[in-house]
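Structural characterization, general
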2 protein chains.
Amino acid sequence: MSEIRIVVDAMGGDNAPGEIVKGAIDALNERKEITIILVGKEDKVKQELGKYTYDKNRIELVNATQEIGFDEPPVMAIRTKKDSSIVVGMNLVKSQKADAFVSAGSTGAILVGGQLIVGRIKGVERPPLAPLIPTTSGVSLLIDCGANVDARSSHLVQFAKIGSIYMENVVGIKKPKVAIVNIGAEEEKGNMLVKETYPLLKECKDIHFIGSIEAREIPYGKADVIVCEAFTGNVILKLYEGLGSALIHKVKEGLLSSFRSKIGAVLIKPALKKTLKDFDASQYGGAPLLGLKGLVVKTHGSSKSLEVKNSIIQCIAFSEQKINEKIKEHL
Amino acid sequence: MSEIRIVVDAMGGDNAPGEIVKGAIDALNERKEITIILVGKEDKVKQELGKYTYDKNRIELVNATQEIGFDEPPVMAIRTKKDSSIVVGMNLVKSQKADAFVSAGSTGAILVGGQLIVGRIKGVERPPLAPLIPTTSGVSLLIDCGANVDARSSHLVQFAKIGSIYMENVVGIKKPKVAIVNIGAEEEKGNMLVKETYPLLKECKDIHFIGSIEAREIPYGKADVIVCEAFTGNVILKLYEGLGSALIHKVKEGLLSSFRSKIGAVLIKPALKKTLKDFDASQYGGAPLLGLKGLVVKTHGSSKSLEVKNSIIQCIAFSEQKINEKIKEHL
């Protein structure tokens, strides 16, 4: 068992540094094969660390005096804030002092930093951001949800290959089913990009392409790897979050509408909670930015310690399975 | 009160002709200002009509011997099946023997027929399909969900104007808020199409443009008119349907998981049912194909009589408010 070194951005997200440090400690205590490098404002992180007991040999603190806000233009922020937790943390991955970087900070800055600092694997045209989304039968990988919109068909073919490698080796799904998001099942349907990409995916030997997937079928887990251009991916991901929470909100409101349903609500609470947990994205850790020379994982800005912990743990399989070497081989 | 003549495709959809005829009769009995022309196979439609009592002076039956299937290539079907219920029905609108056409048949054939037979209003570049979608605070118009993907920015500007007219006059929302679907709130975010369209919408005097809307905010009704290109619109609409039903399925399954929750489920049933009804698209009728010389309404292929009835009734306000004349004025 080789040691896996994971950098955690202690300053990123709405609940930093408290929940981030807690998540890091929880991951450290759960998995013995990792060591963690916390990057952030030394005094603040130290104060949080003081609340826990843990193996001090497996955690390190690296000071970073700056922070990158959610509303800062990403390219400018990465270029000028050299002592921000994101830039300092990514440089540790670049210089191979760490295997992975986990952050709940600005998505834009993480995407830009991943490309500019950590760098792309040779042959990767565009590193996709690929979150796992819950379905009625498990999880699917939605690839790409990044910031680089207006993709070309060659990008989408790479997403299909990279996504298949990830699902097979990190999530453990043998021969993952790959589908392209479309507005109908037939091959002749779609916009220009999809029509151009479909035959290329069909010819692809090293993936299990099952054709088009309509958005209606996504929540039922019809495909393991859902390939799409980033604008579409972003719409799917955000609608997933928004519609899920809106429906739950509506149902809860409805349950409080009468005395009878209030009593019922008390009785169903445990079962409902479990069901909703199954459909809660935070169970599955963060979204990896794939195709980089190291692993970069973006977790929700609103992440609590559980999601931070799961995001850290997800780096273990990624590293052990040597995903980046497999990506290099297959592109 | 002037008479409004509505053609109903008796053969379209999974539940034709039974549910379609029932929906037509229900609409007829509910609203005195309409007359209905049922188009379809005479013997079959007559048989269904025989089940009901209604004002025989306000219903007419027009025979059409052919049907267009869901899997037929639309352009070919419209061109060759001259005696199909869709072609016969749309010709009645074209020749101004009727004001509107309602069908649960093939979306593709309805979209193609609308353009080729009924024809576009002068100045309308592309007729958008615009369903109402439920939100936590009411309904929003999602425009465009049609089959014509890869739209230009000038199309989207027209969608914004047409959608505003529809929401203001048919749904009754004063000064409807218009937003463009985007992957971030800032003006510089988005794909090429959105970046090109945003400033045009901003300049548009006759709409109330509020900027970008992220997919996460759509279910909360942040905007009344949600403008997007048809591929994106289709993904949003289908995911809305799919995720809603998947979540309900999961919740129901969860409620049957223990004795305690089963009892609770019985108690919450009425409240839950009401809540889900609020979020059920069929409450709001079908999706109008806007910008044509007559009104064409597409209802779900799986429509039952309630949705058919609501789709017919929705034609009344459209006709009374002279939407097409307002569209002509504003483009």
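A few points on the structure. (Residues numbered from 1 in each chain as written. Chains lettered and ligands numbered in written order. Predicted model: local features only at pLDDT ≥ 70, side-chain atom pairs only at ≥ 80, totals over all residues. Heavy atoms only, no water.)

Take the interface of chain B and chain A next. How big an interface is tends to be reported as the loss of accessible area on association of its parts. Between chain B and chain A, the contact holds 50 residues from the first and 51 residues from the second. Regarding the contact of chain B and chain A, the summed buried area is about 4900 Å², with carbon and sulfur atoms giving 75% of it. One can count four salt bridges joining chain B with chain A. With a closest N to O distance of 3.2 Å, R216 of chain A and E241 of chain B form a salt bridge. For the side of chain B that touches chain A, the elements supplying multiple residues, two or more each, are β7 (177-182), α7 (192-203), α8 (230-255) and α9 (259-278) of chain B. Element by element, the count of residues in the side of chain B that touches chain A is highest for α8 of chain B, at 19 residues. Here the side of chain B that touches chain A is composed, by residue class, of 27 nonpolar, 15 polar and eight charged. (Contact = heavy atoms within 4.5 Å. Buried area = accessible area lost by both parts, 1.4 Å probe. Salt bridge = Lys/Arg side-chain N within 4 Å of Asp/Glu carboxyl O. Helix = DSSP H or I, 4+ residues; strand = E, 2+ residues; numbered from the N terminus. Nonpolar A, V, L, I, M, F, W, Y, C, P; charged D, E, K, R; others polar.)

Once that is clear, we can look at the sheet that holds strand β9 (residues 225-227) of chain A. All names here are of chain A. Reading across the sheet, the five strands line up as β5-β6-β9-β7-β8 and stay open at both edges, with mixed pairing between neighbours. Each edge of the sheet is formed by a strand with only one pairing partner; in this case those strands are β5 (132-135) and β8 (208-214). Here the strands of the sheet are splayed against their neighbours by 30 degrees on average, with no regard to which way each runs. Examined bridge by bridge, strand β7 (residues 177-182) and β9 share three bridges and lie parallel to one another. Counterpart to I180 in the pairing with β9 is V227. Running at roughly 150 degrees to strand β6 (residues 138-143), helix α6 (residues 153-171) makes contact with β5, β6, β7 and β9 of the sheet. Most of the contacts of helix α8 (residues 230-255) go to β5, to which it runs at about 50 degrees, and overall it touches β5, β6 and β7. (Pairing = 2+ DSSP bridges. Axes fitted to C-alpha atoms, helices over the stretch in contact; angles between N-to-C directions.)

Time to look at the packing of aromatic side chains. Residue and element names in this part refer to chain A. Applying the stated rule across the entire model yields four aromatic pairs over all chains. Here the aromatic rings of Y166 and F318 are separated by 6.1 Å at their centres, their planes lie at 50 degrees, and the arrangement is tilted. Here the residue Y166 occupies a position in helix α6, and F318 occupies one in helix α10 (residues 305-320), the gap between them amounting to 152 residues. Just as Y166 is buried, F318 falls in that class too. For K56, the ring lying beneath its charged end belongs to Y54, and the centroid distance is 4.7 Å. (Phe/Tyr/Trp six-rings, centres within 6.5 Å; stacked < 30°, edge-to-face > 60°. Buried < 20%, exposed > 50% of the residue type's maximum accessible area, 1.4 Å probe, protein only. Lys NZ or Arg CZ within 6 Å of the ring centre and 35° of its normal.)

Looking now at helix α2 (residues 42-49) of chain A. Residue and element names in this part refer to chain A. Looking only at α2, the buried set comprises V45, E48 and L49. In a view along the axis of α2, the buried residues occupy a sector of 100 degrees, so they form one face of it. α2 presents D43, K46 and Q47 as exposed residues on the side facing more than 90 degrees away from its buried surface. Looking at the buried residues of α2, the elements they touch are α1 (18-30), β2 (34-40) and β3 (59-63). (Arc of directions from axis to C-beta.)

Here we take up the sheet that holds β2 of chain A. Residues and elements named next belong to chain A. Strand order in this open sheet of six strands is β3-β2-β1-β4-β11-β10, and the pairing throughout is mixed. In this open sheet, the two strands that pair with only one neighbour each are β3 and β10 (287-289). Sheet twist, expressed as the mean angle between neighbouring strand axes with direction ignored, is 25 degrees. As judged from the three bridges shared by β10 and strand β11 (residues 295-298), these two strands associate in the antiparallel manner. Its bridge partner lying in β11, P288 is registered against V297.

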